[in-house]
Amino acid sequence: MTIEQLLQPQLQQFIHEHAHDDERELVLKYREIEGVPSARVAEQIAGRRKAKDKLPSFYSTPNILYPPGINLEQSSSEQTGAYKVKIIKNELVPSGVVVDLTGGFGVDSFFLSKYFEQVQYIEPAADLLAVVKHNHKMLRAENILHHHATAEVYLQQLKRADLVYIDPSRRSNGQKVFRLSDCLPDVVALHDLILTKADTMLVKTSPLLDIQQGIKELKTVKKVFIVSVSNECKELLFLCTHNVTNDPEIIAVNLLSTRTEEFSFTIAEEQSASANYNPPLEYLYEPNASLLKAGAFKIIADRYNIFKIHPSTHLYTSAEMIADFPGRVFKIQSFVKGDKKEMTRHFPEGKANVTTRNYPLSPEELKKKTGLKDGGDKFLIGFSGKSEKFLVAAERIIHET
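Residues numbered from 1 in each chain as written. Predicted model: local features only at pLDDT ≥ 70, side-chain atom pairs only at ≥ 80, totals over all residues. Heavy atoms only, no water.

Regarding the overall build of the protein chain
For step 1, the next point in the chain: When its secondary structure is counted, the protein chain shows 17 helices and 20 strands.
For step 2, the next point in the chain: Projecting the C-alpha coordinates of the protein chain onto the three principal axes gives extents of approximately 65 × 60 × 35 Å.
For step 3, the next point in the chain: Within the protein chain, the proportion of its 401 residues that are buried is 52%.
For step 4, the next point in the chain: Of the roughly 19,300 Å² of accessible surface on the protein chain, a fraction of 48% belongs to carbon and sulfur atoms.
For step 5, the next point in the chain: Here the protein chain contributes 50 positive and 51 negative side-chain charges, whose respective centroids are spaced 4 Å apart. (Helix = DSSP H or I, 4+ residues; strand = E, 2+ residues; numbered from the N terminus. Buried < 20%, exposed > 50% of the residue type's maximum accessible area, 1.4 Å probe, protein only. Areas by Shrake-Rupley, 256 points an atom, 1.4 Å probe, with all protein chains shown as cover. Lys, Arg positive; Asp, Glu negative; His and termini not counted. Charge placed at Lys NZ, Arg CZ, Asp CG, Glu CD.)

Written out as structure tokens, the structure reads:
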């Protein structure tokens, strides 16, 4: 199957016209479409649909081609790609040459090309490389050079670069892995070589990776960025340089549509911080996903001068509202009992957004017990304090999203 066949005007028109169709039904209905196997056409439709929100620049550009689902699933989003460039600018990395050792679908290479004079894109899969090279041309990213090679082979002949970026595959023999040394390429084994070729290395990993383990394996970590998009943790970024301390900075980041929540601390600061505890007051705070992943449980209470509910309940409270808290803010309306009669009084429409933290019942179990359905603007929140368990009816204080 050639790129030219996928770019036939009639086929591209079909893909656009059937953007909302069930691609599985298309495969059953057609054997071929304009001489192209229907499975490949379905792949393009599914990829384009996913790109609409994840990669709007790609989606809005004519004649972009999409890879198999796994490549698109593992690629960065537009928001996280742009955030990497922000990191690199803030770190004052020279804007000469960057090497993307694990090119993949080329999203990060594309965003890196907006800052660096030259991007070296490395990819061992020839078919994927051909698609990405075509896409970069459509996106007018003319400063990207494409190399059909493995990371290991390319590194051997690389002389110098200002930054090496690597996103090792998080799958091994079909199983998800949780150690960097189990990923491909093995960034732990390549670590020393990479830092003889460049002064700075940026490593992207799955959010499932243990942060302390990543710091231990990579040895030269200066900063760790935990990046969430709309409160969903997407990736960890380890910035490695020659000049590091034993206590790297941890930056919890939540990218929202109109603003960015950032909270920076060190592990030593978290360990030395102390939290004061109190039953729930007027306002309740739930840290964003990046803060929870970071383990910033005491330092957040210390910095914002708020109370923690319980050592194992990662909710916080205050009598006065903290408007810039990095997470969700709720105003408690009332304390409630868990029976259905009580629920009818506080939630007359029979709907609520039910959530629990360190509570005997899961949200699903609590919904079943109370008879509440999902929906509405109000929240039912179950959690444990130091001496008793609480159920509260609350409304969320909405700021910019």
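Anyway, onward from the coordinates.
Looking at the pattern of salt bridges
For step 1, the next point in the chain: Scanning all chains against the criterion turns up 23 salt bridges.
For step 2, the next point in the chain: Note that R49 is salt-bridged to E23, the shortest N-O span being 2.9 Å. On the criterion of sequence distance, the pair formed by R49 in helix α4 (residues 38–54) and E23 in helix α3 (residues 23–29) is long-range, its members being 26 residues apart.
For step 3, the next point in the chain: The shortest N-O distance in the salt bridge between K222 and E91 comes to 2.9 Å. With K222 in strand β10 (residues 221–229) and E91 in the loop between α7 (78–90) and β3 (97–100), this residue pair connects regions lying 131 residues apart in the sequence.
For step 4, the next point in the chain: A residue is classified by how much of its surface remains accessible, and K222, at 32% relative accessible area, is partly exposed.
For step 5, the next point in the chain: Overlapping salt bridges bring together K84, D108, D167, K204 and E235 as one network. (Salt bridge = Lys/Arg side-chain N within 4 Å of Asp/Glu carboxyl O.)

Considerations on the sheet that holds β3
For step 1, the next point in the chain: Taken together, the 9 strands give an open sheet; going across it, the order is β5-β4-β3-β6-β9-β11-β10-β12-β13, and neighbouring strands pair in mixed fashion. Every interior strand has two partners, whereas the edge strands, β5 (144–147) and β13 (260–266), have only one. Neighbouring strand axes in the sheet, compared pairwise and without regard to direction, differ in orientation by 15° on average.
For step 2, the next point in the chain: As defined by bridge partners, strand β6 (residues 163–166) adjoins strand β9 (residues 200–205) across 3 bridges and the pair is classed as parallel. Across the sheet, the residue bridging to I166 is V203, located in β9.
For step 3, the next point in the chain: Sitting on the sheet, α7 touches β6, β9, β10, β11 (232–241), β12 (249–255) and β13, and the angle it makes with β10 is about 150°.
For step 4, the next point in the chain: On top of the sheet, helix α11 (residues 187–197) reaches β6, β9 and β11; it is set at about 160° to β9, its chief contact. (Pairing = 2+ DSSP bridges. Axes fitted to C-alpha atoms, helices over the stretch in contact; angles between N-to-C directions. Contact = heavy atoms within 4.5 Å.)

Let's talk about helix α12 (residues 211–218)
For step 1, the next point in the chain: Along α12, the residues that are buried comprise I211, G214, I215, E217 and L218. Angularly, the buried residues of α12 cover 165° about the axis, an arc narrow enough to put them on a single face.
For step 2, the next point in the chain: One side-chain oxygen at the N-terminal end of α12 lies 3.2 Å from the backbone nitrogen of Q212; it belongs to D210. (Arc of directions from axis to C-beta. Polar contact = N/O pair within 3.5 Å; in protein donor to acceptor, adjacent residues only side chain to side chain.)

With respect to the environment of D247
For step 1, the next point in the chain: Structurally, D247 can be placed in the loop between β11 and β12.
For step 2, the next point in the chain: You can call D247 partly exposed: its relative accessible area is 24%.
For step 3, the next point in the chain: In this view, D247 contacts T266, I267 and A268; residues no more than four positions away in its chain are not counted.
For step 4, the next point in the chain: A polar contact is formed between the side chain of D247 and the side chain of T266, at a distance of 3.0 Å.
For step 5, the next point in the chain: A polar side-chain atom of D247 sits 3.3 Å from the main-chain amide nitrogen of I267.

Quick word on the packing of helix α2 (residues 9–17) against α4
Each pair of packed helices gets described by two things: the angle between the helix axes and the distance between those axes.
For step 1, the next point in the chain: Packing of α2 against α4 leaves a shortest axis separation of 9 Å and a crossing angle of 50°. When the axes of α2 and α4 are compared, the pair comes out oblique. Note that α2 runs across α4; the crossing there is right-handed. Contacts from L11, F14, I15 and H16 of α2 reach α4 at V41, Q44, I45 and R48.
For step 2, the next point in the chain: A class-by-class count of the residues in the contact of α2 with α4 yields 5 nonpolar, 2 polar and 1 charged. (Parallel < 35°, antiparallel > 145°, perpendicular 65-115°, else oblique. Left-handed = near helix turned anticlockwise from the far one by under 90°. Nonpolar A, V, L, I, M, F, W, Y, C, P; charged D, E, K, R; others polar.)

Comments concerning the sheet that holds strand β17 (residues 327–335)
The strands making up a sheet associate through backbone hydrogen bonding, with each pair oriented either parallel or antiparallel.
For step 1, the next point in the chain: Overall, mixed pairing links the 7 strands, which are arranged β15-β16-β14-β17-β20-β19-β18 in an open sheet. Two strands close off the open sheet at either side, each with one partner strand: β15 (307–310) and β18 (351–357). Neighbour to neighbour, the strand axes of the sheet diverge by 40° on average, direction disregarded.
For step 2, the next point in the chain: Two elements, β17 and strand β20 (residues 389–396), share 5 bridges in a ladder whose sense is antiparallel. If you follow S334 over to β20, its bridge partner there is A393.
For step 3, the next point in the chain: Against the sheet, helix α17 (residues 363–370) engages β18, β19 (373–384) and β20, with an angle of about 135° to β18.

Some thoughts on the pairing of β17
For step 1, the next point in the chain: Across 5 bridges, the pairing between strand β14 (residues 283–287) and β17 is antiparallel. Each bridged residue has a counterpart across the sheet, and for Y285 the counterpart in β17 is V329.

Brief notes about the pairing of β3
For step 1, the next point in the chain: Note that β3 and strand β4 (residues 118–122) share 4 bridges and pair parallel. Directly across from V97, in β4, lies its bridge partner Q118.
For step 2, the next point in the chain: Remark: the β3/helix α8 (residues 107–112)/β4 crossover connection has right-handed handedness.
For step 3, the next point in the chain: Two elements, β3 and β6, share 3 bridges in a ladder whose sense is parallel. For V98, the partnering residue across the bridge sits in β6 and is L163. (Right-handed = clockwise from strand over helix to strand, strands pointing away.)

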